[in-house]
Amino acid sequence: MEIRSISDIKSIGQDITPPLYPISHSLYNTYLLSHCSACFSPLHLSPKPSSIPPSLSPPLYCSSLCASSDQPLHSLSGEHSLLLSHSLSDSSDLRASLRLLHRYHDRLVGDRIGGLLSNRSCLIDDPSDEVFVEIKEGAKAMAKARRMIRGNGDDDDNCVVEETALCVVITNAVEVQDVSGVAVGIAVYDTPFSWINHSCCPNACYRFSGFDDESGMLIAAAPMDGGGSGDNVLENDGWERYGPRIGVRSMKPISKGEEITIAYTDLLQTRESRQSELWSKYRFFCHCRRCSTFPLAFVDHALQDIHVTGLTSTNLYSACNVHTNEVVEILTEYMNGAISEYVKFDNAESCCEKLEHVLSFGFTNDRSPREGKLQEKIMLQPLHHLSLNAYTALSSAYKTLGSNLLDSSTNLLEHQLNAFNNSRISAAYSLLLAGATHYLFLSESSLIISVANYWTAAGESLLCLATGALHDISMDRCYPILNLPPLNLRCDNCALKDKCEASFFRRHTQNLESEHFSRDFINCITDVVPEVWMFLIQGSHYLNRIKSPIDFSWLGRRQDSEVSDSGANLGSNNVVRSLSRCEQEKWYDNQRNKIFQLGAHCLLYGELVLKVCCGKDPQLANLS
C-alpha cells in the first residue's frame, strides 16, 4: 500500500495528518510503575519499592478517565495473565498484540488485521532465525494467557491467530517517545499512518507532541491494483480511542499525488547497514533514490570512507575487497564493546581511552595476522558512521567524568581543573558531531532532524561550559564567572533569536527555506568557530587533527597537511602564558563570551528547526 498527498504541500513543517490515536499500545516493562498505562504520561507519585515487579502491580493511571478507558482492555485481553506468567524482561510486543487481537479478532482477513499487514509468512520462513523462535514462543505465551481468561486449560499448538497479531505489531509498531526523546513504549496506529512506506530520503516525519488539533487529513491511500480506493480504516470500530497520539509533518515541499514516506531506520548508517536492518525486521530491501544511486551518493560514501595503510602490490586487491571488510567488522565490534563499557558498566574512562586511541592511531586486526604480509591499518575518516557513534559516546562519557569529579567530596583545585577539562572536551566532541552531521545534511536534506538534535545538544554543552568557571590550564588557576552582565542573544546577521520568538508564539512557522536558513546560520558562526575550536581542543591528540568542525572540505588534503599533535595550540598557549594575570582574565572572559554566543546560536538554530519539523517549542525564546 501507499499513502499519497491529496494537495500541494509547499513548505516544511506542515501538519499533513491530524493527531492520530493508537489502535493498540503498551508500555515497556521498565516504565509500568512510573508512567500511565493509558496515555504514557509520567506519574507524579511516590516511587514504589524496587522489589515489586511490574507483574504484581495493577496498571497505574494518571486519571480516572484513563483508568476507565484502559482497565477493561487490560483485564479482558489477557494482558494481566501474561504479565503474571511471562518471565521475559520485556513483554510490550506481546501485550500490544493481545490488545490488538481482543479488539479486532473479527477483522482478521488472511495475513492482515484491519488492513494492517502482518508479514507473517516472511517473518517465519527460516526456522533457524531468531525472529522465528521469538514469534513462535511469543504466540504460545499469548495463547496461554487467552486460555486463562476463557477458563480453557487445554493446550493448543495451533497459534496462527496469535502469530498473525504478533507479526502485525512487529511490522507496524513504532516506539513512543516522551518529550525528552526517551522511548517509553510501543504503539500501533491505523492505516493512515501504518501504510506510509519507508525511504532513506523521506519527505515526512512523525512526532508525539506539539499538535495542532485543527489540522486536517492531507493524505490518502493510493488506489489498489484492482481499482479500489484502498480504504480500510478502523475508525468506526466501536472502541474508544485514547493513548499516545502521533502526527505526521512534512520535511520537504510535497507535490499533489506524491507518495508520503518516513524513515524506518537510522539514516546515519551506511547503505549496507540500513538494508540489513530493514530486511531483518521488515523483510524488504529499500530501492529509494539514495539507495539506488550508483556510484554511492556522497553521504553514503562519507559514512563508510576509510583510509587503509600497510598495503603492498601483492595484497592491495584482497585488502580492499575482502580483508578490509573483515577488519572493519572487527573494529565495529571493538568500538561497540568500548561504548558498552560506559553505557552498561559506567566505565567512562576506559571508553574514552579506547575510542580516542582508535580514532587517533587507527586499528589493526591482531586476531589473525597473515604470515609474510603487512597488516592493514584502518583509519576512520571523520565522517565515517563509526566516528559519529564515537563522538556521541565521547561527548557523554567526558561529561560524566567531569560531573563525577565535581560530585566528589574534595574541592581540590586539581579536581576542578580536570572537571573543567573534561567538560571542555565533551563540548568539543558535541560540536564536532553537530558540524559533521550538518556537512552531510548539505548533501541529504532528510537528515535535518538528526542535525537539529545534534546542534541543540552542542548548544547546551557550550552554554554549560560558558556559564561555569573558566580555568587557566597552563597556570593552574581558576577564574569563576560571577555577576557578569547578561549576554545578548540577538544577532543582526542571522536573526535567530527573532525567528525563534516568532515560532514560539505562532502555531505554524511556514515558508521557512531550510537551505537558506542553514546557510545563514553557518555563515554567521564561521568566524567565531576557529577561535573557540582552538580553545576547546587543547590537549586532545585526535581533535587537533580536525582542522574545522563545520567545514570538512580539507579532508581530501588531510594526509599532506594534518597536525600530528597538539602543536597547533602551542602558540596560543605560549601567548596566554606570557600575559599578566589581569590580561589572562580578560582573555578567558573573551573566550567565555565567544563560547556563549556560539552555544546560543547552536541551541537557537537546533530548537527552531525542531519546532518547525517536530512542533517542539523553543526553550530559549524568552531569554534576553
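Preceding this section is the structure that the text describes.
Residues numbered from 1 in each chain as written. Predicted model: local features only at pLDDT ≥ 70, side-chain atom pairs only at ≥ 80, totals over all residues. Heavy atoms only, no water.

*Asks:* Just give me the short version of the overall build of the chain, but keep the residues and values in it.
*Replies:* Scanning the chain from terminus to terminus reveals 21 helices and 17 strands. Here the chain holds 624 residues, and the buried ones make up 50% of them. Contacts in the chain between residues at least 24 apart in sequence constitute 76% of all its contacts with a sequence separation of at least 6. A total accessible area of about 29,000 Å² is found for the chain, and carbon and sulfur atoms account for 51% of it. (Helix = DSSP H or I, 4+ residues; strand = E, 2+ residues; numbered from the N terminus. Buried < 20%, exposed > 50% of the residue type's maximum accessible area, 1.4 Å probe, protein only. Contact = heavy atoms within 4.5 Å. Areas by Shrake-Rupley, 256 points an atom, 1.4 Å probe, with all protein chains shown as cover.)

*Asks:* How would you summarise the sheet that holds strand β14 (residues 363–364) if you had to cite specific residues and measurements?
*Replies:* Pairing in this open sheet of 3 strands is antiparallel, and the strands run β13-β15-β14 from one edge to the other. The open sheet terminates on both sides in strands that have one partner only, identified here as β13 (306–309) and β14. Note: β14 against strand β15 (residues 377–380), 2 bridges, orientation antiparallel. Residue pairing across strands places T364 opposite K377, the latter belonging to β15. (Pairing = 2+ DSSP bridges.)

*Asks:* Describe the sheet that holds strand β6 (residues 174–177), and please don't skip the residues or the numbers.
*Replies:* Taken together, 3 strands build an open sheet; the order of strands is β2-β7-β6 and the sheet is antiparallel. Because the sheet does not close on itself, it has two edges, and the strands there are β2 (22–27) and β6. Sheet twist, expressed as the mean angle between neighbouring strand axes with direction ignored, is 35 degrees. Judged from the 5 bridges that link them, β2 and strand β7 (residues 183–189) form a sheet pairing that is antiparallel. Pairing of P22 across the sheet is with Y189, part of β7. (Axes fitted to C-alpha atoms, helices over the stretch in contact; angles between N-to-C directions.)

*Asks:* Explain unusual backbone geometry to me, and be specific about the residues and the numbers.
*Replies:* Leaving glycine out, the prevailing phi sign among residues is negative, and the prevailing peptide bond configuration is trans. In this chain, F294 is followed by P295 through a cis amide linkage whose omega measures -5 degrees. Mapped onto the secondary structure, P295 falls in the loop between α9 (289–292) and α10 (298–303). Despite not being glycine, F40 shows a phi value in the positive range, around 70 degrees. Relative to the helices and strands, F40 is located in the loop between β2 and α1 (64–76).

*Asks:* Help me get a handle on helix α12 (residues 348–361), residues and values and all.
*Replies:* Compared with an ideal rise of 1.5 Å per residue, which puts 14 residues at 20 Å, α12 spans 20 Å between its outermost C-alpha atoms and is within 8% of the ideal. With its phi angle positive at about 85 degrees, G362 sits one or two positions after the end of α12. (Expected span 1.5 Å × (residues − 1).)

*Asks:* How would you summarise the pairing of β7 if you had to cite specific residues and measurements?
*Replies:* For β7, a buried count of 7 out of 7 residues is recorded, marking the element as mostly surrounded by other parts of the structure. Note that β6 and β7 share 4 bridges and pair antiparallel. Paired with V174 across the bridge in β7 is A187. The hairpin formed by β6 and β7 contains 5 residues between the paired strands, and G181 there has a positive phi angle of roughly 90 degrees.

*Asks:* Which residues make up the pattern of salt bridges, and what values go with them?
*Replies:* Throughout the structure, instances matching the rule amount to 16 salt bridges. With a shortest N-O distance of 3.2 Å, E444 and R289 are connected by a salt bridge. Of this pair, E444 sits in the loop between α14 (413–441) and α15 (448–466) while R289 sits in helix α9, and the two are 155 residues apart along the sequence. A residue is classified by how much of its surface remains accessible, and E444, at 3% relative accessible area, is buried. Linked through salt bridges whose partners overlap, the residues forming this network are D70, E79, R95 and R99. (Salt bridge = Lys/Arg side-chain N within 4 Å of Asp/Glu carboxyl O.)

*Asks:* Give me the lowdown on the packing of helix α3 (residues 92–104) against helix α6 (residues 160–172), citing residues and values where you can.
*Replies:* Pairs of packed helices are described in terms of their axes, by the angle between the two and the distance that separates them. Contact geometry for α3 and α6: axes closest at 8 Å, N-to-C directions at 115 degrees. When the axes of α3 and α6 are compared, the pair comes out roughly perpendicular. The chirality of how α3 crosses α6 is right-handed. Residues D93, L94, A96, S97, L100 and L101 of α3 pack against V161, E162, A165, L166, V168 and V169 of α6. When grouped by side-chain class, the residues that make up the contact of α3 with α6 number 9 nonpolar, 1 polar and 2 charged. (Parallel < 35°, antiparallel > 145°, perpendicular 65-115°, else oblique. Left-handed = near helix turned anticlockwise from the far one by under 90°. Nonpolar A, V, L, I, M, F, W, Y, C, P; charged D, E, K, R; others polar.)

*Asks:* Tell me about the packing of aromatic side chains, residues and numbers included.
*Replies:* Taken as a whole, this structure holds 18 aromatic pairs when the rule is applied. Relative to F521, the ring of W455 has its centre 5.0 Å away and its plane inclined at 85 degrees; by these criteria the two rings are edge-to-face. Here the residue W455 occupies a position in helix α15, and F521 occupies one in helix α17 (residues 514–525), the gap between them amounting to 66 residues. A relative accessible area of 1% means that F521 is categorised as buried. A centroid spacing of 4.2 Å and a plane angle of 0 degrees characterise the contact between F521 and Y605, whose relative ring orientation is stacked. Highlighted residues: F521 in helix α17 and Y605 in helix α21 (residues 581–614), separated in sequence by 84 residues. Assessed through its relative accessible area of 1%, Y605 is described here as buried. (Phe/Tyr/Trp six-rings, centres within 6.5 Å; stacked < 30°, edge-to-face > 60°.)

*Asks:* Help me get a handle on the environment of G243, residues and values and all.
*Replies:* Within the secondary structure, G243 is located in the loop between β10 (219–221) and β11 (247–250). Sequence separation between G243 and L20 is 223 residues, and the spatial gap between their C-alpha atoms is 9.4 Å. Leave out the neighbours within four places in its chain, and G243 touches Y21, P22, H25, A38 and C39.

*Asks:* With reference to specific residues and values, describe α14.
*Replies:* With 29 residues, α14 extends 42 Å from end C-alpha to end C-alpha; this agrees with the ideal 42 Å at 1.5 Å per step. Most of α14 is tucked away, with 23 of its 29 residues classed as buried.

*Asks:* Describe in detail the side chain of T171, supporting the description with residues and values.
*Replies:* Note that T171 resides in helix α6. The buried category is assigned to T171, whose relative accessible area is 14%. Discounting residues that sit within four places of it in the chain, T171 has contacts with L117, S118, N119, L123 and Y282.

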